[in-house]
Amino acid sequence: MGHARCTKSDEGYGLEVKHTFHKIKTFQSRLTSVAEGIRTSNIPDSVYTNFFESQKRFNEKNIQERSNRTKRKFQNIIVRNPHQISCTELPTHNSKAIHNGTQVVVPPEAEVLLSLGPKFALPVTAADRVPFLHLMADVEQIIKTNPIPEVQDRNRCAVANIITNYIHGSRNRSAPVDPVAKFCENAQAVTRSFLKDNPNVYVVRSDKGNKTVLMESEDYKKKMLELLQDRTTYAPIPRDPTSRYERLNNNIVRRIRNLDIIDDRTAKQLTRYNAVCPRIYGQPKAHKPGLPLRPVVPNITAPSYNLSKFIGKIFQQSLVSTYNIKDSFSFCQFINNVTLPENYVLISLDVKSLFTSIPKSLAISSIISRWDEIRPNTGICLDLFLEIVEFCIDASYFKFDGQHYQQIFGTAMGNPLSPAIADWVMETLLDTVVRMLNIPLPFLRKFVDDLITAIPISELQHVLDTFNSYDVHIQFTYELEVDNKLPFLDMLLTRHSNQKVTTQWYQKPIASGRFLNFRSYHPLSQKLNMAKNFARRVYQLSTDLDDREKAKIIDAQLQLNDYPKPLRHRIANRMNEHVDDHQQQPQNLEYTYRRIPYITHLSNRIDRVLQRDYGSIRLAKYNVRSTRELFTMVKDPVPPEQQSNVVYIIPCSNCEATYVGMTTNRLKTRIYGHQTHYNTLEKLLEQGSDANDPQIVALGEKTALMNHSINKQHRFDLKKVKILDKNVNAHTLQFLEMGHIASNKNCVNKRTDTEGLHAIYAGIIYEIGNINKIRNRHDTQEHTHTTTQNSR
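About the criteria used
- Residues numbered from 1 in each chain as written.
- Predicted model: local features only at pLDDT ≥ 70, side-chain atom pairs only at ≥ 80, totals over all residues.
- Heavy atoms only, no water.
- Pairing = 2+ DSSP bridges.
- Helix = DSSP H or I, 4+ residues; strand = E, 2+ residues; numbered from the N terminus.
- Axes fitted to C-alpha atoms, helices over the stretch in contact; angles between N-to-C directions.
- Contact = heavy atoms within 4.5 Å.
- Parallel < 35°, antiparallel > 145°, perpendicular 65-115°, else oblique.
- Left-handed = near helix turned anticlockwise from the far one by under 90°.
- Nonpolar A, V, L, I, M, F, W, Y, C, P; charged D, E, K, R; others polar.
- Buried < 20%, exposed > 50% of the residue type's maximum accessible area, 1.4 Å probe, protein only.
- Salt bridge = Lys/Arg side-chain N within 4 Å of Asp/Glu carboxyl O.
- Expected span 1.5 Å × (residues − 1).
- Polar contact = N/O pair within 3.5 Å; in protein donor to acceptor, adjacent residues only side chain to side chain.
- Core = buried A, V, L, I, M, F, W, Y, C linked by side-chain atoms within 4.5 Å.
- Phe/Tyr/Trp six-rings, centres within 6.5 Å; stacked < 30°, edge-to-face > 60°.
- Lys NZ or Arg CZ within 6 Å of the ring centre and 35° of its normal.

Going by the annotation in an unreviewed UniProt entry, the name recorded for the chain is Reverse transcriptase domain-containing protein, with Aedes albopictus given as the source organism.

A. Just the sheet that holds strand β9 (residues 403-407), in detail. What the three strands build is an open sheet, ordered β4-β9-β8; its pairing is antiparallel. Edge positions in the open sheet fall to β4 (234-237) and β8 (397-400), since each of these has one partner strand only. On average, each strand axis in the sheet is inclined to that of its neighbour by 35°, with strand direction left out of account. Where helix α7 (residues 217-228) meets the sheet, its contacts fall on β4, β8 and β9, and the angle it forms with β8 comes to roughly 150°.

B. Layout of the packing of helix α11 (residues 328-335) against helix α18 (residues 524-541). Remark: α11 packs on α18, axes separated minimally by 10 Å, with the N-to-C direction vectors making an angle of 15°. Here α18 runs roughly parallel to α11, going by the angle between their axes. Classified by chirality, the crossing of α18 by α11 is left-handed. Judged by residue contacts, Ser 328, Phe 329 and Cys 332 of α11 engage Arg 536, Arg 537, Gln 540 and Leu 541 from α18. Considered class by class, the residues forming the contact of α11 with α18 number three nonpolar, two polar and two charged.

C. Region of interest: the side chain of His 674. Checked against the element boundaries, His 674 lands in helix α23 (residues 667-686). Look at His 674 and you get buried, because its relative accessible area is 0%. Excluding anything up to four places from it in sequence, His 674 contacts Tyr 648, Ile 650, Tyr 659, Thr 703, Leu 705 and Leu 718.

D. Structural detail: the pattern of salt bridges. Taken as a whole and assessed by the stated rule, the structure comprises 24 salt bridges. Notably, a salt bridge pairs Asp 394 with Lys 360, separated by 3.0 Å at the nearest N-O pair. Of the two residues, Asp 394 sits in helix α15 (residues 382-394) while Lys 360 sits in helix α13 (residues 360-369), which places them 34 residues apart along the sequence. The residue Asp 717 makes a salt bridge to Lys 720 at a minimum N-O spacing of 4.0 Å. Of the residues examined, Asp 717 reaches a relative accessible area of 22% and is grouped as partly exposed.

E. View of the sheet that holds strand β3 (residues 212-216). Reading across from one edge, β1-β3-β2 is the order of the three strands in this open sheet, with mixed pairing throughout. One side of each edge strand has no neighbouring strand; the edge strands of this open sheet are β1 (98-100) and β2 (201-205). Across the sheet, the mean angle separating the axes of adjacent strands is 20° when strand polarity is ignored. As defined by bridge partners, β1 adjoins β3 across three bridges and the pair is classed as parallel. The residue bridging His 99 from the neighbouring strand is Val 213, located in β3. Sheet strands touched by α7: β2 and β3. Its angle to β3, the strand with the most contacts, is close to 90°.

F. Structural context of helix α26 (residues 730-743). The terminal C-alpha atoms of α26 lie 20 Å apart, and with 14 residues this matches the ideal 20 Å at 1.5 Å per residue to within 8%. Within α26, burial applies to Thr 732, Leu 733, Phe 735, Leu 736, Glu 737, Met 738, Gly 739, His 740, Ile 741 and Ser 743. Its side-chain oxygen at 2.9 Å from the backbone nitrogen of His 731, Asn 729 defines the N-terminal cap of α26.

G. Fine view of the nonpolar core. Counting 58 residues, the largest nonpolar core has Phe 315, Phe 385 and Phe 476 as the members making the most contacts within it. Take this core: its biggest share by element is nine residues, from helix α16 (residues 418-436). Leaving out residues up to four positions away in the same chain, Phe 476 has contacts with Leu 349, Asp 350, Val 351, Met 426, Leu 429, Leu 451, Leu 464, Phe 467 and Asn 468. Residues Val 130, Ile 143, Leu 619 and Leu 733 belong to the second largest nonpolar core, which totals 42 residues.

H. Representation of the packing of aromatic side chains. As enumerated under the stated definition, the model contains 19 aromatic pairs in all. Look at Tyr 648 and Tyr 659: their rings are 6.4 Å apart centre to centre, the planes differ by 55°, and that puts the pair in the tilted class. Of the two residues, Tyr 648 is situated in strand β18 (residues 644-651) and Tyr 659 in strand β19 (residues 658-666); the sequence distance between them amounts to eleven residues. Assigned by exposure class, Tyr 648 and Tyr 659 land together as buried. What links up through ring pairs into an aromatic cluster is the set Trp 505, Phe 515, Phe 518, Phe 534 and Tyr 563. Positioned above the aromatic ring of Phe 334 is the side chain of Arg 445, whose terminal nitrogen or guanidinium carbon lies 4.2 Å from the ring centre.

I. Highlighting helix α19 (residues 547-560). Taking 1.5 Å of rise per residue, 14 residues should cover 20 Å, and α19 covers 20 Å from first to last C-alpha, within 8% of that figure. Among the residues of α19, Lys 550, Ala 551, Ile 554, Asp 555, Gln 557 and Leu 558 are the ones counted as buried. Capping the start of α19, Asp 546 holds a side-chain oxygen 3.2 Å from the backbone nitrogen of Arg 548, two or three residues further along. Looking one or two residues past α19, Asp 562 carries a phi angle of roughly 70°, positive in sign.

J. Structural view of the pairing of β18. In terms of burial, β18 is a largely internal element, seven of the eight residues being buried. Bridge count for β18 against β19 is seven bridges, and the pairing is antiparallel. Considered in β19, the bridge of Val 647 is made with Met 662. Between β18 and the antiparallel strand that follows it, β19, lie six residues.

K. Region of the structure containing unusual backbone geometry. Look at Asn 210: it is not a glycine, yet its phi comes out positive at around 55°. The topology assignment puts Asn 210 in the loop between β2 and β3. For Asn 210, a relative accessible area of 29% gives the class partly exposed.

Structural data, given as structure tokens:
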């Protein structure tokens, strides 16, 4: 071996080489000593000679094999050209995963990237794109779960060291050499340019089939307005009713708290003060001509959301159904043990738009008729329970394109109470219909609004008429078996000549086959678990296929999502082991899950450090960037002043100073508080008070903003408030506020505002400030370059 010369930049590698040489010399010295001991012993010379010759031959052979293996690896590295990207390394185009409903030609790179779906994680290739404050805030919440200060500080130091090394390493890190990262960066640039040049193109998710749909913006708005013109279901209202529903919701919560039905903690959870009007949006049905839309109303910001969720849980606890299907696995086990009567065929029934088809009166009557099942699970009396349910149904409203609407019929898709009400109505419906039918049903099962049973083919019309006679608003469509086969859920049911039923895994022709792509920058464990769970699903649901056929299905689906061939074969060939592992896995693992952002080469190191003292905590890693960034936000935006749980910044009108604040209330409420302080100050000054007046001194002590305004005689521009960060967790939000104050050198905030920020994080905060400067400079340069190009 030649001598290694260590440069200053390669100091770490030089130390490793020196240490290796030291170990070699030590072992050689020991071998010489042992050999001399053996030679001078009483062992015969022939034995001594044969032993050392055999050892020499073994060592030479071993060295030769290792040398050849190392040469082969080195040769592969040399031969491979890093500038030539193999197509097998990049995400492949899934034509079924994207539907272009426009006349615009999409660039190939953009089409591939959008076809990967909104959950495809993009690489974080620069330190200025890493949400360090969020990472530290999440880690800090984990660290504080251990009450021992020494343990906390030890882990803070370790995490701070890892983050600091990552930041320093990123400065010397060259542009990404990973082919997938290069592709993603290029494809993002092409896609953003395409969408900028075609602002009339919307990129949205499909209703079914897990597809990406491109459609004209005017076409989308036109179809949404056509849906909302249905005056039997929706009615336009002149103003936002959020505050009224918020008041009604809190009055109901106060009443059930005063009756001691709930405790203070539950009452606090059900009370709402920062509700925001829900925004409706549409998901195109890519499997139907004309791309009709399905309306969806996310109610998570609505005043009645938590109360609806609370009542929905009571429904779930009360319902003991003889028809419900828990999941595909339980139904598979059931149906494979069913023997149908002679001349019976399989049939599935489906309700047309179940949620929006349920009259409020029908929901109320179902609750009254089954109150004996609900009463043991709640202390609320029937009259008050019905009042709450009616309120949750009536409080279905939303906003679209600046106009507010009230849903006057049915329940909203997105309200957590809607599935529970639908379940109860369907349960009552099925009980009634079964009694009305003049034929016995060998079985009847439902999954939400999908029903499956078996009937004589001659009784088809009678069965359909009976189901549709229950209520004029709830109407069923049906699908009969074809060639003794019927798709249901994600299975294909086959009726054999002996009337036995078997199953196999199935996906509809409209399905894209898309799931988590292997090239996505998710943690490897998440991708492996997804693949294993899919293989287990195919294996357990396919009682009709042998292992080779199951392996083909698994291999084809994983290949469609770019899983490497060796991994596909390993998963497909070890299906039995995966099933056994799943069944033998302990079910009652007492782990607490905490979330942190996933950053390659950073998050896993932090995870390993925390596992030493926080073994009962498992980290759920979430991605900070994904192709969701490229999808169109079709919902009406929420104005900044209506947002809550935010960290905000206000600039001074007279100097470069800024004020950073935090509020869990609506931002406009907090700004109104600042304005009230200013109004008070102006009145005192008009009355002739000076800065030494006790009232003005007290006013200056309220916030650093007022202190600066009084001492410098400056004014902050409350109209230029900007949101820096947001988080629903109050402790995390407080950490984010302290981090932004510490990293902003122009802040007028008091030192006490950052007392909760541990000194160990000071170095990282300083580095983050430098990173932000570089990022702002790059953004300014890019903006200037773009402006210059446009002027040309």
